[in-house]
Amino acid sequence: MGKIIAIVNQKGGVGKTTTAINLGACLAIEGKKVLLVDSDPQGNLTTGVGFDRNRIKKSLYDLYVNSTAVKDVITKTSFDNLWLIPSTIDLVGVEVEIISKPKREFILQSILLPLVLEFDYILVDAPPSLGLLTLNCLVSANSVLIPVQCEYYALEGLTLLTKTIDLIKSSFNPKLKVEGILLTMFDIRNTLSKQVVDEVRKFFGKKVYTTIIPRNVTLAEAPSHGKPVVFYDIKSKGAQSYMSFTMEFLNEEGAW
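Residues numbered from 1 in each chain as written. Predicted model: local features only at pLDDT ≥ 70, side-chain atom pairs only at ≥ 80, totals over all residues. Heavy atoms only, no water.

**A short note on the overall build of the protein**
- The secondary structure content of the protein amounts to 11 helices and eight strands.
- A compact globule built from 256 residues should have a C-alpha radius of gyration of about 18 Å, and the protein, at 17 Å, falls within 12% of that.
- On the principal axes, the C-alpha backbone points of the protein span a range of 50 × 40 × 35 Å.
- When each of the 256 residues of the protein is scored for burial, the buried share is 55%.
- If you take every contact in the protein between residues at least 6 apart in sequence, the share linking residues at least 24 apart comes to 77%.
- Carbon and sulfur atoms make up 53% of the accessible area of the protein, which totals about 11800 Å².
- Of the side-chain charges in the protein, 28 are positive and 26 negative, and the distance between the mean point of each set is 2 Å. (Helix = DSSP H or I, 4+ residues; strand = E, 2+ residues; numbered from the N terminus. Rg over C-alpha atoms; globule rule 2.2 N^0.38 Å. Buried < 20%, exposed > 50% of the residue type's maximum accessible area, 1.4 Å probe, protein only. Contact = heavy atoms within 4.5 Å. Areas by Shrake-Rupley, 256 points an atom, 1.4 Å probe, with all protein chains shown as cover. Lys, Arg positive; Asp, Glu negative; His and termini not counted. Charge placed at Lys NZ, Arg CZ, Asp CG, Glu CD.)

**Quick notes on a nonpolar patch on the surface**
- On the surface, Y152, Y153 and L192 cluster together into a nonpolar patch covering about 350 Å² of accessible area.
- Mapped onto the elements of the fold, Y152 is located in the loop between β6 (143–149) and α7 (154–171).
- Its relative accessible area of 61% is what places Y152 among the exposed residues. (Patch = residues over 30% accessible without salt bridge, like charges linked within 9 Å, V, L, I, M, F, W, Y side chains within 5 Å. Salt bridge = Lys/Arg side-chain N within 4 Å of Asp/Glu carboxyl O.)

**Quick notes on the side chain of S59**
- Residue position: S59 is located in the loop between α2 (44–48) and α3 (60–65).
- For S59, the contacting residues outside a window of four places in its chain are V73, P86, S87 and T88.

**A short note on the packing of α7 against helix α8 (residues 191–204)**
- Two elements in contact, α7 and α8, have axes whose closest approach is 10 Å; the angle formed by their N-to-C orientations is 25°. Accordingly, the angle class assigned to the pair α7 and α8 is roughly parallel. Where α7 crosses over α8, the two elements pack in a sense that is right-handed. On α8, the residues touching A154, L155, L158 and T162 of α7 are V196, E199, V200, F203 and F204. (Axes fitted to C-alpha atoms, helices over the stretch in contact; angles between N-to-C directions. Parallel < 35°, antiparallel > 145°, perpendicular 65-115°, else oblique. Left-handed = near helix turned anticlockwise from the far one by under 90°.)

**Observations regarding the packing of aromatic side chains**
- A complete count under the given rule lists seven aromatic pairs for this structure.
- A ring pair is formed by W83 and F119, whose centres lie 5.7 Å apart and whose planes are at 70°; its orientation type is edge-to-face. Of this pair, W83 sits in strand β4 (residues 82–85) while F119 sits in the loop between α5 (107–112) and β5 (121–125); the two residues are 36 residues apart in sequence, bridging distant segments of the chain.
- By the ring-pair criterion, three or more aromatic residues cluster together here, those being Y121, Y209, Y242, F245 and F249.
- Looking at K33, its charged tip hangs above the ring of W83, at a distance of 5.1 Å from the centre.
- Lying over the aromatic face of F119, K33 brings its terminal NZ or CZ to 5.1 Å of the ring centre. (Phe/Tyr/Trp six-rings, centres within 6.5 Å; stacked < 30°, edge-to-face > 60°. Lys NZ or Arg CZ within 6 Å of the ring centre and 35° of its normal.)

**Considering the environment of V217**
- For V217, the location among the structural elements is in helix α9 (residues 217–221).
- Of the residues examined, V217 reaches a relative accessible area of 57% and is grouped as exposed.
- Counting along the chain gives 21 residues from V217 to G238, while the straight-line C-alpha distance between them is 8.1 Å.

**As for the pairing of β6**
- Among the seven residues that make up β6, seven are buried, leaving the element largely enclosed by the rest of the structure.
- Burial along β6 is two-sided: S143, L145, P147 and Q149 and V144, I146 and V148, pointing in opposite directions, are all buried.
- Note: strand β1 (residues 3–7) against β6, three bridges, orientation parallel. Residue pairing in the sheet places A6 in a bridge with V144 of β6. (Pairing = 2+ DSSP bridges.)

**Considering the pairing of β1**
- Judged by how many residues are buried, β1 sits mostly within the fold: five of five residues are covered.
- Residues K3, I5 and I7 line one face of β1 and the alternating positions I4 and A6 line the opposite face, and both faces are buried.
- Strand direction decides the pairing type here: β1 and β5, joined by five bridges, are parallel. Opposite A6, over in β5, you have V124 as the bridge partner.

**Focus on the sheet that holds β5**
- An order of β3-β4-β2-β5-β1-β6-β7-β8 is seen for the eight strands of this open sheet, with the pairing classed as mixed. Each edge of the open sheet is held by one strand with a lone partner, namely β3 (75–76) and β8 (208–214).
- With four bridges connecting them, strand β2 (residues 34–38) and β4 associate as parallel partners. Each bridged residue has a counterpart across the sheet, and for V34 the counterpart in β4 is L82.
- Across the sheet, α8 is in contact with β6, β7 (177–186) and β8; its angle to β7 comes to roughly 170°.

Printed below as a string of structure tokens:
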């Protein structure tokens, strides 16, 4: 039985998509069968694993709005053990189009639940907002992985998100839990980065992963080549940090 993990932070630019791509790729390298779900209309996860959004004929939008069969949308990437439900700009209109649908918060859950028998991990990259798309991500998930950028407003945004997760648990998904908090974009030269790490660990304790993802130019370059960083430059600090994080993640899961 597979696990659905939503990768969520209502703040943009914190490493959400980078984490989805690279955790997915590292899990695939370890022999896990992984499905990436691009639930962000920007479609950066889709392009980050090598797809041209303009050439995609069926996407997550069609699953929400047109009741397309999921087998017609899941696409094999060029990387072993890694599949994708892609996104296009059409996804922008989904929230308006499903607003009057019954059980609109549970649409993504109905799409993904049958797939847990086929995949070890389903990683859902949520948009940087707390709208209906993100609500669907949280309702469908077993757990939430929260990337947090090591910057001034990080703790404030994290507190808001945890309150939202508690609300989802009480209203829609009582089994939802926080998988863990991943500190990203750490700059060793920046005193503030170190202070943020200390503060997040102080407030959230063991929920914070030991591995910290550094600021790394290779992590920024890899998506423009349509590759996870481990396939772009395995020796880079970015690749090594995500490989370390994946090992920690699997140890926590008891799956290693």
